[in-house]
Amino acid sequence: MRIVVLTGAGISAESGVPTFRDAGGLWEGHRVDDVATPEGFERDPDLVQRFYDARRHAAAAALPNPAHEALARLEQRLGDELLLVTQNVDDLHERAGSTRVVHMHGELAAALCASCGARSAVPADLAEWPPCPVCGERMLRPDVVWFGEMPYELDRIEAALAACELFVAIGTSGAVYPAAGFVWTATEHGARTLELNLETSEVSSLFDEVRLGAASVVVSAWVDEMLAATA
Ligand code: APR
């Protein structure tokens, strides 16, 4: 069965990585305009570098939780019939063993050179303005998609949504497009849709089925069901 899974910050919450819009979330302590827009970077690049350096350190200290591990088990069984799209910029899916992961909002571990456009592994805290490994210019920024910028690999994601039989959204509030609209695309192409979330999201009403609970519980249970059904 061809499945597309979309994950959001909620799947990493139990690993201790803060979400954005929950109480105490990242958008409580920081203004989105200041740290997640090109204009904010233009205005105060050092503030933005420090914000992402801190998130990179926090994500590196976090560990994958049973929800990440369950999705890695599902990929082991389904192979390229499963596409995992994440809005998250942490690498917890990879560290849990997932290999086919599309980071549509970029990755904390990657840097983008504003001079030559090269993408590279972050060589050091970007607040130190390290040289780009390719061109040597000291103009590296986080390779994270900011508001107003185009998410990555949308063509590949839309094609997978059009061809899948099941679309599952996990731990995402449905507050940000285009990800929040993926359920529409999947539905239009005849897929079944399932939402696994701690609370109802802004798009829960668009899903065929919604299961509420912590990701480490509901994702693991759902994957166990899928593995039993495809045994
Ligand atoms: N298990 C499952 N879901 C959870 C858990 C948990 N333990 N904890 C929180 N959630 C759910 C919340 O109920 C909420 O619906 O995860 C969702 C988190 O929503 P957001 O904080 O809005 O995160 P996300 O949906 O990933 O945000 C999308 O917004 O700011 C941008 O680029 C950023 O990628 C991010 C995008």
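Keep in mind that this is a model prediction, so the values were computed, not measured.

**Details of the site of the ligand**
Here is step 1 of the chain: Close to the ligand lie 23 residues; Ala-9, Phe-20, Arg-21, Thr-172 and Ser-173 are nearest.
Here is step 2 of the chain: In this structure, an oxygen atom belonging to the ligand sits 3.3 Å away from a main-chain N or O atom of Gly-171.
Here is step 3 of the chain: Leu-198 is positioned such that a nitrogen or oxygen atom in its backbone is 3.2 Å from a nitrogen atom of the ligand.
Here is step 4 of the chain: When isolated, the ligand has an accessible area of 740 Å², and the protein chains bury 94% of it.
Here is step 5 of the chain: For the shell around the ligand, the class distribution of residues is nine nonpolar, 10 polar and four charged.

**With respect to the sheet that holds strand 1 (residues 3–7)**
Here is step 1 of the chain: Read from one edge to the other, the open sheet built from six strands follows the order 3-2-1-7-8-9, with strand pairing classed as parallel. Only two strands of the sheet have a single neighbouring strand rather than two, namely strand 3 (101–103) and strand 9 (209–212). Between one strand and the next, the sheet's axes are offset by a mean angle of 15 degrees, whatever the strand orientation.
Here is step 2 of the chain: Alignment of strand 1 against strand 2 (residues 82–86), held across five bridges, turns out to be parallel. Paired with Ile-3 across the strands is Leu-82, a residue of strand 2.
Here is step 3 of the chain: Sheet contacts for helix 6 (residues 66–78): strand 1, strand 2 and strand 7 (166–170); angle to strand 2, the most-contacted strand, approximately 150 degrees.

**Here we look at unusual backbone geometry**
Across the chain, the bulk of peptide bonds are trans and the bulk of non-glycine residues have phi less than zero.
Here is step 1 of the chain: Here the bond from Tyr-177 into Pro-178 is cis, since omega is 5 degrees, no more than 30 degrees from zero.
Here is step 2 of the chain: Inspection of the secondary structure puts Pro-178 in the loop between strand 7 and helix 9 (182–188).
Here is step 3 of the chain: For Trp-129, which is not glycine, the phi torsion reads 50 degrees and is therefore positive.
Here is step 4 of the chain: Within the secondary structure layout, Trp-129 lies in the loop between strand 5 (119–121) and strand 6 (140–144).
Here is step 5 of the chain: Note on Trp-129: relative accessible area 23%, which makes it partly exposed.
Here is step 6 of the chain: Located in the positive-phi region is Glu-153, a residue other than glycine, with phi close to 55 degrees.
Here is step 7 of the chain: Residue position: Glu-153 is located in the loop between strand 6 and helix 8 (154–163).
Here is step 8 of the chain: The exposure class assigned to Glu-153 is partly exposed, which follows from its relative accessible area of 39%.

Calculation criteria
- Residues numbered from 1 in each chain as written.
- Predicted model: local features only at pLDDT ≥ 70, side-chain atom pairs only at ≥ 80, totals over all residues.
- Heavy atoms only, no water.
- Near = heavy atom within 4 Å.
- Polar contact = N/O pair within 3.5 Å; in protein donor to acceptor, adjacent residues only side chain to side chain.
- Areas by Shrake-Rupley, 256 points an atom, 1.4 Å probe, with all protein chains shown as cover.
- Nonpolar A, V, L, I, M, F, W, Y, C, P; charged D, E, K, R; others polar.
- Pairing = 2+ DSSP bridges.
- Helix = DSSP H or I, 4+ residues; strand = E, 2+ residues; numbered from the N terminus.
- Axes fitted to C-alpha atoms, helices over the stretch in contact; angles between N-to-C directions.
- Contact = heavy atoms within 4.5 Å.
- Buried < 20%, exposed > 50% of the residue type's maximum accessible area, 1.4 Å probe, protein only.

These results come straight from atomic positions and should not be treated as a statement about function.
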